[in-house]
Amino acid sequence: PTPSPTPSPTPSPTPSPPCTVDVNIDCVTVDGVPCENIPATNGQCKPDSSPLTVLELQYEYRKCDDSLNSQEGDGNLFQCVDKADIDLCENVEEVIVTCVGSNGVKYFEGGVGPGDIIPIADPDNSILSAELTCSIDALTQDAVLSCQTVTFDTSGTEDLVLRDTFGSITLASC
């Protein structure tokens, strides 16, 4: 004889009780200062107009017309000039950036690619000059292409805000 049918399936699982999680986060700087005690700068490098001592710029091919920064207009120092070879510079993997202060100090000269950081600091750990001019050139097998020149105020007295773009140069940190 065959065994009799088994009883119907067991009832569905019982619902589990709700789970509540309470998370407490303490935000402090590496020096132990509570985050709520840090003044907001809204991205402005020197809201107190003190001199700048270091900047980090980022290279990304852009024409001057694509600039968006806090120093445009009102007679400020921002200038951007696309050179005759600018269109040939768009797909170049590495460009030569040279940044010189109005005091004649060469703060940076070297090859960079898209997204690379350009450190700007005085070799004597002093304040930066009042303005910075960066020239961007591209090397090809046949020639040196002059791409762009940008100049902007680095005195600390004019607005300079994180993510300001000056042609192919973006302010990454200050």
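My aim in this report is to walk through the structure given alongside it, one point at a time.

What follows is about the pattern of salt bridges. This model, assessed by the stated rule, comprises two salt bridges. Asp 87 serves as the salt-bridge partner of Lys 63, at 2.6 Å between the closest nitrogen and oxygen. Taken as a pair, Lys 63 in the loop between β1 (54-59) and β2 (79-82) and Asp 87 in the loop between β2 and β3 (95-101) lie far apart in primary sequence, 24 residues in all. According to the relative accessible area criterion, Lys 63 is partly exposed, its value standing at 31%. In this structure Asp 87 comes out as exposed when scored by relative accessible area, which is 51%. The partner of Lys 106 in a salt bridge is Glu 109, with the nearest N and O atoms 3.2 Å apart.

What follows deals with the packing of aromatic side chains. Summed over the entire model, instances satisfying the criterion amount to two aromatic pairs. Seen from their ring centres, Phe 152 and Phe 166 are 4.1 Å apart, and the 10° between their planes marks the pair as stacked. Taken together, the positions of Phe 152 in strand β7 (residues 144-153) and Phe 166 in strand β8 (residues 165-166) put the pair 14 residues apart, joining distant regions of the chain. We note that Phe 152, like Phe 166, is buried. Taken together, Phe 78, Phe 152 and Phe 166 form an aromatic cluster joined through their ring pairs.

Attention shifts here to the pairing of β7. Of all 10 residues in β7, eight are buried, a share of seventy percent or more. As defined by bridge partners, β2 adjoins β7 across four bridges and the pair is classed as antiparallel. Bridging from a neighbouring strand, Gln 79 pairs with Thr 151 of β7. As paired strands, strand β6 (residues 131-139) and β7 are joined by nine bridges and run antiparallel to one another. In the strand pairing of β7, Leu 132 is matched with Phe 152. Two successive antiparallel strands, β6 and β7, enclose a turn made up of four residues.

This paragraph deals with the nonpolar core. Leu 57, Val 97, Ile 118 and Ile 120 are the most contacted members of the largest nonpolar core, which has 33 residues in total. Those elements that provide at least two residues to this core are β1, β3, β4 (106-112), β5 (117-121), β6, β7 and β9 (169-173). Residue contacts for Ile 118: discarding those within four places in its chain leaves Leu 55, Glu 56, Leu 57, Tyr 59, Val 97, Phe 108, Val 112 and Ile 169.

With that settled, the discussion passes to the sheet that holds β4. The strands that make up a sheet are held in pairs by hydrogen bonds between backbone atoms, and each pair lies either parallel or antiparallel. Spatially, five strands are ordered β2-β7-β6-β3-β4 in an open sheet, and the strand pairing comes out antiparallel. With one partner strand each, in any of the chains shown, β2 and β4 form the two edges of the open sheet. The sheet shows a mean angle of 15° between the axes of neighbouring strands, taken without regard to direction. Pairing analysis gives six bridges linking β3 to β4, with the strands arranged antiparallel. By the bridge assignment for β4, Val 97 is matched with Gly 110.

Moving on, we get to the environment of Val 81. Topologically, Val 81 is positioned in strand β2. Assessed through its relative accessible area of 42%, Val 81 is described here as partly exposed. Along the primary structure Val 81 and Cys 64 are separated by 17 residues, whereas in three dimensions their C-alpha atoms are 6.5 Å apart. Excluding its chain neighbours within four sequence positions, the residues that come into contact with Val 81 are Cys 64, Cys 147, Gln 148 and Thr 149.

Thresholds, definitions, all that
Residues numbered from 1 in each chain as written. Predicted model: local features only at pLDDT ≥ 70, side-chain atom pairs only at ≥ 80, totals over all residues. Heavy atoms only, no water. Salt bridge = Lys/Arg side-chain N within 4 Å of Asp/Glu carboxyl O. Helix = DSSP H or I, 4+ residues; strand = E, 2+ residues; numbered from the N terminus. Buried < 20%, exposed > 50% of the residue type's maximum accessible area, 1.4 Å probe, protein only. Phe/Tyr/Trp six-rings, centres within 6.5 Å; stacked < 30°, edge-to-face > 60°. Pairing = 2+ DSSP bridges. Core = buried A, V, L, I, M, F, W, Y, C linked by side-chain atoms within 4.5 Å. Contact = heavy atoms within 4.5 Å. Axes fitted to C-alpha atoms, helices over the stretch in contact; angles between N-to-C directions.

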